[in-house]
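Observations on chain architecture
One letter stands for each residue in the lines below.
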Amino acid sequence: MPIADPIAFITANTRVQTVPHAPEISLWLADEVTPIWRMTEEALEEIGLPPPFWAFAWAGGQGLARWLLDNPLEVDSKAVLDLAAGSGLVGISAMKAGAASVLCADIDPFCEAAVALNAALNGVEAAYTTENLLHQPIPDVDVICAGDVFYEKPMADAVLAWLVEAHARGIRILVGDPMRTYFPKSGFELLAEYHVPTTRELEDLAIKRTRVWTLSGT
């Protein structure tokens with residue numbers, strides 16, 4: 001049975017924390033002292049909760065958020081899409097950097113509550129859609145941001161094809177990736193590299209080497 005009140009669930013099962021690599025931003029996140037941290041996938045399924053990717057600040061998103069905050073002209077007065085938004089970290093960063101609007105997109109309906117809570121926490125507004133945009137026409141935006149999307153081959157292939165199409169239409173593509181296995185070997189230009197604090201509970205290293213790229217098409 002689906003959880004009746006996602007916002008109440010999030011506030012009861014996570015806590016407000018600053019993002020390690022972008023401390024200007026705070027999010028409702030899970031950690032060792034919050035109830036859902038140790039729950040197994042089976043236990044999550046029993047309470048009607050998909051794997052809560054929205055409850056963590058993943059390394060790729062942290063790197064991309066940091067880059068946007070340090071390079072606000074990239075999104076200033078522009079329409080931005082945060083693809084596979086999760087917590088909304090990247091979209092929130094874009095708004096704080098001066099974006100005219102942000103659309104956060106994630107197929108997990110629970111993310112809508114997480115994004116709403118996190119946007120309000122940071123004093124910004126962000127629209128949201130649960131539509132799988134990879135099966136939709138390219139949206140009318142200036143910039144598409146994607147953090148941590150190359151962790152699984154089928155998704156990586158689908159995302160790359162969609163981003164290439166968007167790039168061909170003149171949309172700026174920005175990607176944050178912590179050296180995931182399925183990140184493309186070509187076609188991207190490196191913008192920055194960071195060493196992002198994370199946790200061994202989520203990643204293989206406590207500090208993840210994370211890169212921010214733009215799609216160059218070459």
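Residues numbered from 1 in each chain as written. Predicted model: local features only at pLDDT ≥ 70, side-chain atom pairs only at ≥ 80, totals over all residues. Heavy atoms only, no water.

Roughly 750 Å³ of internal volume is contained in the largest pocket. Surrounding the largest pocket, 33 residues form its lining, Phe53, Ala84, Asp106, Tyr151 and Met155 being those nearest its centre. At the level of secondary structure, the elements contributing two or more residues to the lining of the largest pocket comprise β3 (79–83), α4 (89–96) and α6 (153–168). Per-element tally for the lining of the largest pocket: the top contributor is α6, with 3 residues. Each residue belonging to the lining of the largest pocket can be placed in one class, and the counts come to 20 nonpolar, 7 polar and 6 charged. (1 Å grid on protein atoms, 1.4 Å probe; cavity = no way out; pocket = protein on both sides within 12 Å on 5 of 7 lines; lining within 4 Å. Points joined across faces, edges and corners; volume = space filled by probe spheres on them. Helix = DSSP H or I, 4+ residues; strand = E, 2+ residues; numbered from the N terminus. Nonpolar A, V, L, I, M, F, W, Y, C, P; charged D, E, K, R; others polar.)

Moving on to the side chain of serine 87. As for its placement among the helices and strands, serine 87 is situated in the loop between β3 and α4. Judged by its relative accessible area of 4%, serine 87 falls in the buried class. Ignoring any residue separated from it by four or fewer positions in sequence, one finds serine 87 in contact with Leu27, Trp54, Phe56, Ile92, Ala114, Val115 and Asn118. (Buried < 20%, exposed > 50% of the residue type's maximum accessible area, 1.4 Å probe, protein only. Contact = heavy atoms within 4.5 Å.)

Before going further, it helps to examine the pattern of salt bridges. Throughout the structure, instances matching the rule amount to 9 salt bridges. For the salt bridge of glutamate 74 with arginine 172, the shortest nitrogen-to-oxygen distance reads 3.0 Å. In this pair, glutamate 74 sits in the loop between α3 (59–70) and β3 while arginine 172 sits in strand β7 (residues 172–177), placing the two residues 98 residues apart along the sequence. Residue arginine 172 is classed as partly exposed on the basis of its relative accessible area, which comes to 29%. Among the ionic contacts, a cluster of salt bridges with common partners joins Glu24, Arg66 and Asp70. (Salt bridge = Lys/Arg side-chain N within 4 Å of Asp/Glu carboxyl O.)

The next thing to look at is the sheet that holds strand β9 (residues 207–215). Strand order in the open sheet made by the 7 strands is β5-β4-β3-β6-β7-β9-β8, with mixed pairing throughout. Each edge of the open sheet is held by one strand with a lone partner, namely β5 (127–129) and β8 (188–197). Adjacent strand axes in the sheet meet at a mean angle of 20 degrees when their direction is disregarded. (Pairing = 2+ DSSP bridges. Axes fitted to C-alpha atoms, helices over the stretch in contact; angles between N-to-C directions.)

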